[in-house]
There are 2 protein chains.
Amino acid sequence: MAATPYEQLEDRFERLFQLGQVEAILHWDTAAIMPSGAAEARGRQLAALRAVRHGMLTAAEVGDLLAAAESIGEGGEADRWRAANLREMRRAWVHATALGEDLVLAFSKATSACETVWRQARRSGDFAAVLPYLEEVLSLVRQVAAAKAERLSLGLYDALLDEWEPEGRSAQIDPLFQDLEAFLPGFLAQVMEHQARQPAAITPQGPFPVENQRALGVRLMKMLGFDFDHGRLDVSHHPFCGGTADDVRITTRYDENDFTSALMGVLHETGHALYELGLPRKWRGRPVGDARGMAIHESQSLLIEMQVCRSAEFLAFAAPMMKEAFSGSPGNQNGVWATGNLYRLYTRVEPSFIRVEADEVTYPVHVILRYHLEKAMIEGRLEARDLPAAWNEGMDRMLGLTPASDREGCLQDIHWYDGAWGYFPTYTLGAMTAAQLFDGAKKADPAITGGIAKGDFAPLLSWLRENVHAKASSLSGAEIIHQATGRPLDPLTFKAHLKSRYLEDGGD
Amino acid sequence: MAATPYEQLEDRFERLFQLGQVEAILHWDTAAIMPSGAAEARGRQLAALRAVRHGMLTAAEVGDLLAAAESIGEGGEADRWRAANLREMRRAWVHATALGEDLVLAFSKATSACETVWRQARRSGDFAAVLPYLEEVLSLVRQVAAAKAERLSLGLYDALLDEWEPEGRSAQIDPLFQDLEAFLPGFLAQVMEHQARQPAAITPQGPFPVENQRALGVRLMKMLGFDFDHGRLDVSHHPFCGGTADDVRITTRYDENDFTSALMGVLHETGHALYELGLPRKWRGRPVGDARGMAIHESQSLLIEMQVCRSAEFLAFAAPMMKEAFSGSPGNQNGVWATGNLYRLYTRVEPSFIRVEADEVTYPVHVILRYHLEKAMIEGRLEARDLPAAWNEGMDRMLGLTPASDREGCLQDIHWYDGAWGYFPTYTLGAMTAAQLFDGAKKADPAITGGIAKGDFAPLLSWLRENVHAKASSLSGAEIIHQATGRPLDPLTFKAHLKSRYLEDGGD
C-alpha cells in the first residue's frame with residue numbers, strides 16, 4: 001500500500017528530527033568539550049548539517065504533501081494530536097520557506113560578522129565599532145520580518161516572535177507588560193525599604209572545591225527527578241540546557257569563591273531538563289512531540305529555580321546539605337547556614353545594570369525595556385544609532401540607573417547582534433507562567449508544598465508531567481496555561497508571589 | 001561560469017566529508033560519554049546520517065559526473081593530486097553502489113542482530129547461541145563479496161579487503177604471511193628459551209591513581225607531538241582513536257592496579273592520532289586528503305608503540321617520569337623503575353589465547369589464523385558451524401594452545417559478528433610496515449634514535465609527516481612504503497626487529 005501524504009510527511013520530518021538531534025549534540029559538544037582548534041572545522045560541519053536539513057524541509061514536494069494531507073483531512077478531527085502534528089509541520093515549513101535563499105544567506109553572514117565584532121566591542125564598550133554591523137543586521141531583520149509578516153498575515157514583530165513562541169502575539173503581551181511596568185517601580189521601592197529593615201545576609205566564605213559543588217548539584221538534581229541515564233552535567237562558559245530529550249545535557253560554570261550562583265544555575269537548568277525528559281515518548285520524532293515555545297520552556301526552569309528552590313521551604317531542606325558539602329570551607333559560622341540567612345542571600349534585591357545578574361524583582365524591568373526597544377527597531381520607529389540613548393533613558397526612567405558605558409548598557413546581551421529578535425519577552429512571560437503554574441499545582445495537590453519541605457519533589461513533578469510536559473506541542477503555550485490553571489495567563493499570581501516573597505519576612 | 005563536473009563532484013564530496021566528520025564525533029560521543037539511556041535514540045540519529053550520506057553518494061548524477069570528469073581528463077595528468085582525488089571519489093562511489101539497497105539493508109540488520117547476540121554469547125562461551133546469526137551474516141558477506149568482486153573485477157576476499165585497505169590484495173599478503181608462519185614457531189621457541197635465562201620482571205605495585213596515570217599519559221602525548229588544541233584524551237571501555245583530523249579524540253581505560261597497559265595504550269592511540277593530525281590541511285574535505293587504509297593507520301600506531309615506546313631508549317628516558325608519577329605508590333623498590341626491568345616488562349612474551357592481550361611476537365600468529373579462517377569462510381571452503389574446530393586446530397598447531405571454551409576462542413573478537421570481514425590482515429601488515437618505516441626513518445635521519453633517548457621526537461615526527469602523513473590518499477599503501485623506504489614491503493626488517501629485540505639482552 002502506498003504511503004499517504006501524511007505518512008510521507010512523517011517520514012521526512014522524522015529524518016529532520018534525527019538530524020536536528022545530531023545538531024543539538026554537536027552544539028553541546030562545541031560549547032562544553034570541543035578543543036579550541038576545531039572551531040573552524042566544526043562551523044563547516046554544522047553548516048553542512050543545516051544545509052541538508054533546510055533542503056529537506058523546503059523541497060518542492062513538501063508544500064504539495066502538506067496541502068494534500070490537509071485537504072483530505074488526514075490526521076484530522078479524529079485524532080487531535082495528528083492534526084496538531086500536521087499543523088506543526090506546516091508551521092516549520094512556512095517559516096523555512098518564507099524567506100528567499102538570498103535573504104537567508106545574507107542574514108546568516110551579517111549576524112555571524114556582527115556577533116564576531118560585538119565580542120570585541122562589548123569588551124571595550126565601543127558601540128560605534130559594532131554599529132555598522134548592527135545596522136546591517138537590523139536592515140535584514142526588517143526584511144525578514146516583512147517577508148514573514150506577509151506570509152503569516154501577522155504584524156512585523158509578531159512574525160519574528162512566532163518563531164520563538166508559536167502563536168505568541170504582542171497584543172497579548174502588551175497589557176501584561178503594561179501592568180508590570182506600572183506595578184514594579186513602586187513595588188521595588190517598598191522592597192528596598194523592607195529589605196533595609198532585615199538583617200544583612202552573611203556571605204559564605206570559600207573556597208568551595210569544584211568537586212563538592214558538583215556533588216551537591218548532582219545530589220539535588222537527582223532528588224528533583226533528573227535521570228542521569230538520560231543526561232549529563234558538564235561545564236561551559238555560558239550555562240545552558242542542551243542535547244536532546246533522550247540525552248539532556250546541562251552545563252554550569254563554577255566559581256571556587258561562590259557556590260551560590262552555580263548551584264542555583266544548575267537547578268535552573270534542571271527545570272529545563274525535566275521538561276525535555278518529560279516530553280511524551282510516543283510522539284518522539286514528530287514536531288508535535290517537541291517542547292512548546294521558549295516561554296513555556298523558561299517557565300519550567302523558573303518554576304524550579306524561582307518558585308521552588310529560592311523558597312524558604314526548599315532552603316530549609318537544602319541548608320544542612322550545603323553545610324555538609326562545604327564543611328571543609330573554613331570561616332563559616334553556623335549563622336551562615338541558617339535557613340533565614342540563605343533565604344536572604346537567595347532573595348536579595350538590588351537594581352543593577354546587567355540583566356543576567358538581576359534578581360527576580362528587577363529582571364522584568366530589563367526584559368520590558370528590551371521588548372520596547374526591539375519592537376521599535378523592528379517597526380522602524382528607532383534606528384540602531386539611537387539605541388544607546390534610548391537604552392539609557394529607559395534604564396534611568398525604570399530603574400533610576402545610568403550605565404557608565406554601553407558595556408553595561410546596550411552591548412551586554414548577545415541576542416540582537418546574533419540575530420535573535422523577538423526573543424526577549426519570553427523570559428518574563430516564562431516568569432509569570434511559572435508563578436501561575438506553581439500556584440495551580442499547589443492548589444491541585446496540597447502534598448506539593450509539604451513534599452518540597454522534605455525533599456520529595458515527586459508530587460510536583462507528577463503534576464508538571466501531566467499538565468505541561470506531556471502536552472508537548474499539541475497545544476499553544478496559552479492553551480497549556482489555561483488548561484492547567486483554569487484561566488489565561490494574567491499578572492496577578494506573579495505579583496502576589498513577588499509581594500509574598502519580598503514584603504513578608506521569611507526563612508527564620 | 002558553470003561548475004565543471006570535477007568541481008561539482010568536489011562540492012558533493014566536501015559535504016559528504018562534513019557529514020562523515022559529524023558521524024565520527026557522534027561515534028566518539030557514543031563510546032566515551034553518552035548516557036546509557038540514549039543508546040536507542042543515538043542509533044536512529046546515526047542511521048539517519050548514514051542514509052543521507054548514502055543517498056548523496058549514490059545519487060544517479062554521481063556516476064555521470066565521474067564519467068564526464070574522467071573523460072575530459074579533469075584534474076588529470078597535470079595535477080597528480082587532483083587525479084588521485086578523482087580516483088578516490090570513484091572508489092567510494094563504486095563501493096557504495098556495488099550493492100543493491102536490499103542487500104545493504106539485510107546486511108545492516110543481520111550484523112546488528114548478530115552483534116547483540118554475540119555480546120551475550122561471548123560472556124557465556126555459547127557459540128551455538130550465536131551460530132544461526134553468524135550463518136546469516138556469513139551468507140550475506142558472501143553475497144556482498146560476490147557483488148563487489150564482480151563490480152571491481154577482483155577475487156572474493158580482495159573485494160572485501162579493498163574497503164579497509166584500498167588496493168590491498170591477498171596475492172601480496174600470502175607470501176608475506178607464509179614467510180612469517182614459517183618463521184614464527186621456531187623463533188618463538190628461541191625467544192622463550194632466551195627469556196627463561198633473563199631475570200624475572202618485577203611487576204610494579206599499585207594502586208596507581210587514575211589522575212596520575214592520566215597526567216603521565218598527557219605529558220608523553222605532548223612530547224610525542226599530540227596537539228591538545230586539536231584533540232582530547234578520554235575514557236572508554238574499548239580504547240580507540242576517533243574524532244576527526246581537526247579534533248582527534250583518543251580514549252583509554254585505566255586500571256588502578258596496573259598502569260603499564262593503559263599507558264602503552266595511550267601511546268599506541270597517539271600514533272594513530274599523529275597520523276590524523278599530520279594529514280595535509282590543503283586537501284581537507286576531499287577523499288584524497290583522508291588517511292590511507294587501515295594497514296598504514298595501524299603502522300603509525302605500532303611504530304609509536306612497538307618501535308619507539310617499547311624500545312630500551314624510550315624506556316630509559318621514560319623511567320624517571322614513571323617513578324615520579326607513581327612515587328606515592330608504596331612498596332616499589334628502585335629496581336622496579338630500572339630501565340632493564342621496565343624493558344623486560346614491556347617486552348615479555350607469553351603465548352596466550354586472546355589476541356588483544358598478545359605480545360608483539362605472538363600477535364601475528366593470531367592474525368594469520370584469522371586471515372586463513374575468514375578467507376576460507378568467504379570463499380566457501382569453511383562453514384560457520386565448523387569454525388570452532390578449525391579455530392582450535394589452528395591455535396594448537398601454531399601456538400600449542402587449546403582454548404578451554406569458545407570464549408577464549410572464536411568468540412573473542414567482535415569483527416566477524418559485526419560484519420567486518422577482510423579487516424584482520426591489516427594488523428600484521430601494519431606491524432611489518434611499522435618496522436620497515438622506522439628502519440627507513442632511522443637510516444634517513446641519524447638524529448632520530450638519539451632524539452628518542454632524550455625525549456625529543458621532533459626528528460621522527462618530521463620524517464613521518466613528510467614521508468607518510470603528508471601523502472594522505474594520494475598513493476596506495478604499497479606506494480607509500482616503497483617511496484619512503486626504497487623497496488616494497490618485505491618481512492625481513494620486521495623479522496630483524498624481532499630478533500634484535502627478543503633474542504638480545506637489552507635495557508640494562
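The rules we used
Residues numbered from 1 in each chain as written. Chains lettered and ligands numbered in written order. Predicted model: local features only at pLDDT ≥ 70, side-chain atom pairs only at ≥ 80, totals over all residues. Heavy atoms only, no water. Helix = DSSP H or I, 4+ residues; strand = E, 2+ residues; numbered from the N terminus. Buried < 20%, exposed > 50% of the residue type's maximum accessible area, 1.4 Å probe, protein only. Contact = heavy atoms within 4.5 Å. Domains from an automatic or database assignment. Buried area = accessible area lost by both parts, 1.4 Å probe. Salt bridge = Lys/Arg side-chain N within 4 Å of Asp/Glu carboxyl O. 1 Å grid on protein atoms, 1.4 Å probe; cavity = no way out; pocket = protein on both sides within 12 Å on 5 of 7 lines; lining within 4 Å. Points joined across faces, edges and corners; volume = space filled by probe spheres on them. Nonpolar A, V, L, I, M, F, W, Y, C, P; charged D, E, K, R; others polar. Least-squares fit on C-alpha atoms with pLDDT ≥ 70 in both. Core = buried A, V, L, I, M, F, W, Y, C linked by side-chain atoms within 4.5 Å. Pairing = 2+ DSSP bridges. Axes fitted to C-alpha atoms, helices over the stretch in contact; angles between N-to-C directions.

A word on the environment of B:Pro351
Residues and elements named next belong to chain B.
Right, so step 1: By secondary structure assignment, the location of Pro351 is in the loop between helix H13 (339–346) and helix H14 (363–378).
Right, so step 2: On the accessibility criterion, Pro351 (23% relative accessible area) is partly exposed.
Right, so step 3: Sequence-distant contacts of Pro351, defined by excluding residues within four places in its chain, comprise Leu188, Met192, Asp359, Thr362, Leu399 and Leu401.

Structural notes on the domain arrangement of chain A
All names here are of chain A.
Right, so step 1: Parsing chain A into structural domains produces domain 1 (1–97) and domain 2 (210–351 + 430–503).
Right, so step 2: Taken over C-alpha atoms, the centre of domain 1 sits 30 Å from the centre of domain 2.
Right, so step 3: Contact residues are listed per partner, giving 19 residues for domain 1 and 26 residues for domain 2.
Right, so step 4: Both sides of the domain 1 and domain 2 interface together cover about 1800 Å² of buried area, and 64% of this is carbon and sulfur.
Right, so step 5: Area buried by domain 1 at its contact with domain 2 is led by Phe17, Trp28 and Trp81, which between them contribute 39% of it.
Right, so step 6: Summed over the shared surface of domain 1 and domain 2, the number is two salt bridges.

A closer look at empty space enclosed by the protein
All names here are of chain B.
Right, so step 1: The full count for this structure, using the stated rule, is six cavities of 30 Å³ or more.
Right, so step 2: Residue lining of the largest cavity: Gln213, Leu216, Tyr254, Phe259, Ala262, Leu263 and Phe326, and that is the complete set.
Right, so step 3: Sorting the residues of the lining of the largest cavity by element identifies helix H9 (210–224) and helix H10 (259–278) as the ones contributing at least two each.
Right, so step 4: Of the residues contributing to the lining of the largest cavity, the split by class is six nonpolar, one polar and no charged.

What about the relation of the copies chain B and chain A?
Right, so step 1: Mapping chain B onto chain A is achieved by rotating through 179 degrees and translating by 0.0 Å along the same axis, at an RMSD of 0.1 Å. What we have between these two chains is a two-fold relation.
Right, so step 2: When the interface residues of chain B are mapped onto chain A, 100% of them again lie at the interface, so the same face is used by both copies.

Quick word on the interface of chain B and chain A
Right, so step 1: In this assembly, 33 residues from chain B lie in contact with 33 residues from chain A.
Right, so step 2: Roughly 2600 Å² of surface becomes buried between chain B and chain A when both sides are summed, with 61% attributable to carbon and sulfur atoms.
Right, so step 3: At the boundary of chain B and chain A, one finds four salt bridges.
Right, so step 4: Measuring nitrogen to oxygen at the nearest pair gives 2.8 Å for the salt bridge that ties B:Asp29 to A:Arg249.
Right, so step 5: Elements with a minimum of two residues in the side of chain B that touches chain A: helix H1 (5–32), helix H2 (39–58), strand E1 (231–235) and strand E3 (247–252) of chain B.
Right, so step 6: No other element matches H1(B), which puts ten residues into the side of chain B that touches chain A.
Right, so step 7: Its residues placed into classes, the side of chain B that touches chain A shows 15 nonpolar, eight polar and ten charged.

A short note on the nonpolar core
One recurring pattern in soluble globular proteins: nonpolar side chains tend to sit buried together.
Right, so step 1: Counting 124 residues, the largest nonpolar core has A:Phe314, A:Met322 and A:Trp421 as its most contacted members.
Right, so step 2: It is helix H6 (residues 127–152) of chain A that contributes the most residues to this core, eleven residues altogether.
Right, so step 3: Once residues lying within four places of it in the same chain are set aside, the contact partners of A:Met322 are A:Leu216, A:Phe259, A:Leu263, A:Leu315, A:Trp337, A:Leu342 and A:Tyr346.
Right, so step 4: Core analysis: the second largest hydrophobic core is formed by 123 residues, B:Phe177, B:Ala291, B:Ala434 and B:Tyr502 among them.

Digging into the pattern of salt bridges
Right, so step 1: Under the counting rule described, the total for this entry stands at 69 salt bridges over all chains.
Right, so step 2: B:Arg119 is paired through a salt bridge with B:Glu115; the nearest N and O atoms lie 2.6 Å apart. Of this pair, B:Arg119 and B:Glu115 are both found in helix H5 (residues 101–124), four residues apart, which corresponds to roughly one turn of the helix.
Right, so step 3: Taking the relative accessible area as the measure of exposure, B:Arg119 reaches 36% and is therefore partly exposed.
Right, so step 4: In the salt-bridge network here, residues are joined through shared partners; they are A:Arg87, A:Glu88, A:Arg91, A:Asp162, A:Glu167, A:Arg169 and A:Arg292.

Describing the sheet that holds E3(B)
All names here are of chain B.
Right, so step 1: Spatially, three strands are ordered E1-E3-E2 in an open sheet, and the strand pairing comes out mixed. Each of the sheet's edge strands pairs with one partner strand only, and the pair in question is E1 and strand E2 (241–244). Taken pair by pair, the neighbouring strands of this sheet meet at an average axis angle of 20 degrees, ignoring direction.
Right, so step 2: Pairing between E2 and E3: four bridges, direction antiparallel. When the sheet's bridge partners are listed, Gly242 is paired in E3 with Arg249.
Right, so step 3: Contacting E1, E2 and E3, H10 runs over the sheet at an angle of about 165 degrees to E3.

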